[in-house]
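A structural walkthrough
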Amino acid sequence: MTTPAGAWRRTAVGAGLLGPNGEVSPTIFAEMTALAVAEDAINLGQGFPDEDGPREVLDEARRAIADGENQYPPGRGIAPLREAIAAHRARFYGLAADPDTEIIVTAGATEALAATLLALCDGPDDEVVVFDPCYDAYAATVALAGARLRRVPLRWPDFAPDLDALGRAVTDRTRIILLTDPHNPTGTVLTDDARREIVRLAERHDALIVTDEVYEHLSFGAPFRPIAQIPGAAERTISISSAGKTFRTTGWKVGWLIAPAPLATAILTVKQFLTYAGGTPFQSAIALGLALPDRYFAELAGSMAAAQTALGGALRGAGFEVSAPVATYFTVADAAGVGGADAAAFCRALPAAIGVAAVPLAAFVADEHRASYASLVRFAACKRPAVITEAARRLQRLGSATTR
């Protein structure tokens, strides 16, 4: 069969996965995870935890399954979860949300993002502005929606946004300003000055703001504040989050979005023809999780801070320059000093050389920006302390390894 035509092609091009010969490559996460498995390496490339979430959340999922909560939930999600999301939003951020009209439960944050972009973009005249580097699903989904992506580079070592560059990128053609805050892959958090400028630009150009907040409870070195708190933002903002990072349940794929009712209705119109709905017993469990005491959320952030400190120290000890994160699972390090001027080649050699896997930061950026990120590597610290300790031990072997 010949290669089929279709929207898949522009999706693959958008994600940087389509080679000149028409062959589709795996994502960088799939490639590095496969190398980690093949070499029995510690996988600090893909951002998933290696231990389960809180016992009471897992027990609630088991109870829900045993009690027969195994059929389709409502398309918007079960009422207890939507109510829990609204209560969580009010409790942590003082923001109100109507669980019946402004909240939609999704198959993870990725579906929330896809449904939002597919619903609210309408072809190549629409532009979506992102900070570069960005999570690879953004470029793929913008391409699938037929819109154009405009990237504003974040520069090593602090990855702070250049607000003048952002101002040049946002125009009357901008349909959406798409944010990740806290930011994957750099581990940064936006300042209030940056949030205010984003809202000002969105108001000036009548753009929407889509904010991916899945790491909201993993901010430990700088305060996280939803952009919807900024005056003028709430009426034009779609806020996306998920349970995967907060409750270490990435495989459950329970996410949600919060938006003004007209925007939520538009997004639901598309979302109902993607998954319609799913994960009924897991939705019950996450409703319970969102009501856990403040101590749980504080300890979650504290444990990540400790893991990041240990990983950062190990990387510095091995000869990397490190950009200290203030949030998320991720630490970005410059590998030039340890033979990683070409981070992509370095990361492909690392599992066999010392038994550690990571991903090159250039995989998250546009082709025209890759030279600026050529030696930068992203490591994930979302592993048990013993695993981070062993990874640190292995990293010390770089001096005699064959990655140079």
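One structure accompanies this document, and this report is about it. Computed from a prediction, not measured in an experiment: that's the story for all the values here. (Residues numbered from 1 in each chain as written. Predicted model: local features only at pLDDT ≥ 70, side-chain atom pairs only at ≥ 80, totals over all residues. Heavy atoms only, no water.)

This part takes up the packing of aromatic side chains. Counted according to the given criterion, the structure contains 16 aromatic pairs. Aromatic pair F92 and F297: ring centres 5.0 Å apart, planes at 70°, arrangement edge-to-face. Pair noted here: F92 is in helix α4 (residues 79–93) and F297 is in helix α11 (residues 294–318), with a separation of 205 residues, a long-range link. By relative accessible area, which is 28% here, F92 ends up partly exposed. When its relative accessible area of 5% is taken as the criterion, F297 is described as buried. Seen from their ring centres, F247 and Y296 are 5.8 Å apart, and the 10° between their planes marks the pair as stacked. (Phe/Tyr/Trp six-rings, centres within 6.5 Å; stacked < 30°, edge-to-face > 60°. Helix = DSSP H or I, 4+ residues; strand = E, 2+ residues; numbered from the N terminus. Buried < 20%, exposed > 50% of the residue type's maximum accessible area, 1.4 Å probe, protein only.)

As enumerated under the stated definition, the model contains zero disulfides in all. This cysteine, C134, is not joined by any disulfide, and C121 carries the nearest cysteine sulfur, 14 Å off. (Disulfide = S-S within 2.5 Å.)

Along the polypeptide, R397 turns up in the segment after α13 (385–395). In sequence terms R397 and G355 are 42 residues apart; their C-alpha atoms lie 9.8 Å from each other. When sequence neighbours within four positions are dropped, the list of residues in contact with R397 reads A353 and I354. (Contact = heavy atoms within 4.5 Å.)

Let us now look at the sheet that holds strand β12 (residues 359–360). In space, the four strands of this open sheet follow the order β9-β10-β13-β12, with antiparallel pairing throughout. Strands at the two margins of the open sheet, each flanked by one partner only, are β9 (321–323) and β12. Against the sheet, α11 makes contact with β9, β10 (330–334) and β13 (376–380), and its axis sits at roughly 10° relative to β10, the strand it touches most. On the sheet, helix α12 (residues 343–354) packs against β12 and β13 and is oriented at approximately 40° with respect to β13. (Pairing = 2+ DSSP bridges. Axes fitted to C-alpha atoms, helices over the stretch in contact; angles between N-to-C directions.)

Looking at soluble globular proteins, one finds that nonpolar side chains tend to be buried together. Grouped together as the largest cluster of nonpolar side chains are 123 residues, with contacts concentrated most on I238, I286, F320 and F379. At nine residues, the largest contribution of residues to this core is made by α11. Leaving out residues up to four positions away in the same chain, I238 has contacts with T116, L120, L208, I209, V210, T211, L257, I258, A259, L263 and I267. (Core = buried A, V, L, I, M, F, W, Y, C linked by side-chain atoms within 4.5 Å.)

Within this structure, the stated rule accounts for 22 salt bridges. Residues K271 and E111 are paired through a salt bridge, measuring 3.1 Å at the closest nitrogen-oxygen approach. Of the two residues, K271 sits in helix α9 (residues 261–271) while E111 sits in helix α5 (residues 108–120), which places them 160 residues apart along the sequence. Across this residue pair, the class does not change: K271 and E111 are buried. Each of E60, R63, D67 and E69 takes part in one network of salt bridges that share partners. (Salt bridge = Lys/Arg side-chain N within 4 Å of Asp/Glu carboxyl O.)

In short, the description is geometric, and any link to function would need to be established separately.
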